[in-house]
Amino acid sequence: MPSTQDVLDLMQQVAAEVITPRFRALSTGEVEQKTPGDYVTVADREAEALITRELTRMFPDAVVVGEEACFTKPSLEFSLPGTRHAFTVDPVDGTRNFVKGSPDHAVMIAELVDGITTRSWIWQPERGDAYVAERGAGVELNGHVLVRDEQPRLPLGATSKDSRHGFVGGGELAPVVESAWSCGIDYPYLLEGKVDYLVYKNVHPWDHLPGALMVTELGGAVRNFRGEDYTAAWTGPGVIAAATPEIAETVQRLWREP
């Protein structure tokens, strides 16, 4: 059975072959918009194809659900809860950042067994940081056990929603800041203690399953606005990821809507 390290090696190899060479080197014809503001590049498509091919070879009985494949076949996204063994793939998370030449992008994979996330990987090629989690075994950063750096402050949150930037929740929260526009950057910020919670409106499994496992492994909570634990069955709108269940409850009460 291929190991956790084998999957990380695959991600790093694919990034080195088809993602990093295109960073700040994309031609006009190599960038498209699936919908206004939703970018896809040749790097996204080639990376997903290579990762899907290799995961299928390594795990012949598994279903691989990639972001770009779901754009052409949306039903794939909704098949995850009923699948015995599956992987989600986000080949370039933060494509908009990638297109703009920002290092804030990542490659992400999550493994599910009977709809439950059992392992996850986030590789940040420009930063050289690898976050890996196994259910019940904690989180590692570059091969070392990750321990969150707690900060003595009101809960600090991040979101991409402009109308919530600066929101203080009646003085119960620190002023909300702008997210990194990449779950593969945002979730590690939460894991390390740079922020205390994240709020998203749009929810897709390839974006949130990898980081959600890591957050819960460190004692945090990832929930929808009904207060239910986030799973592959929830497609939104709205999800809260927080360093503690108490922070998640506070944010849910104060925000009231995604």
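Everything numeric in this text was worked out from a predicted model, so none of it was measured. (Residues numbered from 1 in each chain as written. Predicted model: local features only at pLDDT ≥ 70, side-chain atom pairs only at ≥ 80, totals over all residues. Heavy atoms only, no water.)

**So, helix α1 (residues 4-19)**
Worth spelling out the cut-off: Numbered from the N terminus, helices here are DSSP runs of H or I no shorter than four residues, and strands are runs of E no shorter than two. Expected helix span is computed as 1.5 Å times (number of residues minus one). Relative accessibility under 20% of the residue-type maximum defines a buried residue, over 50% an exposed one, and the middle range a partly exposed one, all with a 1.4 Å probe and only protein chains included. Our arc is simply the arc of the directions from the helix axis toward the C-beta atoms. Contacts are assigned to residue pairs with any non-hydrogen atoms lying within 4.5 Å of each other.
With 16 residues, α1 ought to run about 22 Å at 1.5 Å a step, and its terminal C-alpha atoms sit 21 Å apart, in line with that. Of all the residues in α1, the buried ones are T4, V7, L8, L10, M11, V14, A15, V18 and I19. Along the axis of α1, the buried residues cluster in a sector spanning 155°; they form a single face. Along its buried surface, α1 packs onto α2 (42-58), β4 (85-93), α4 (95-99), β5 (106-113), β6 (116-124) and β7 (129-134).

**A short note on the packing of α1 against α2**
Basically, it comes down to this: Convention adopted: a line fitted to C-alpha atoms gives each axis, helices being fitted over their contacting stretch, and angles between N-to-C directions are expressed from 0 to 180 degrees. Any angle that is under 35 degrees is reported as roughly parallel, and any over 145 degrees as roughly antiparallel; angles of 65 to 115 degrees are reported as roughly perpendicular and all others as oblique. By the definition used in this description, the sense in which the near helix is turned from the far one sets the handedness, with an anticlockwise turn below a right angle giving left-handed and a clockwise turn giving right-handed.
Two elements in contact, α1 and α2, have axes whose closest approach is 10 Å; the angle formed by their N-to-C orientations is 150°. Taken together, the axes of α1 and α2 lie roughly antiparallel to each other. Remark: the crossing between α1 and α2 carries right-handed chirality. Contacts from D6, V7, L10, V14, E17, V18 and I19 of α1 reach α2 at A43, E46, A47, L50, I51, E54, L55 and M58.

**Concerning the sheet that holds strand β3 (residues 63-66)**
Selection criterion: Being paired, for any two strands, means DSSP has found at least two bridges between them.
Reading across from one edge, β3-β4-β5-β6-β7-β8-β9 is the order of the seven strands in this open sheet, with mixed pairing throughout. Every other strand in the sheet has two partners, leaving β3 and β9 (144-145) as the edge strands with one partner each. Alignment of β4 against β5, held across seven bridges, turns out to be antiparallel. Its bridge partner lying in β5, V89 is registered against I109. Here α2 sits on the sheet and contacts β3, β4 and β5; the angle it forms with β4, its principal contact strand, is near 155°. Of the strands in this sheet, β4, β5, β6, β7 and β8 (139-141) are in contact with helix α5 (residues 183-192), which crosses β6 at around 100°.

**Comments concerning the pairing of β5**
Within β5, seven of the eight residues are buried, which leaves it mostly tucked inside the rest of the structure. Judged from the seven bridges that link them, β5 and β6 form a sheet pairing that is antiparallel. Bridge pairing links A110 to S120 in β6. With antiparallel pairing between neighbouring strands as the criterion, β5 and β6 make up a hairpin whose turn holds two residues, including D114 at a positive phi of roughly 55°.

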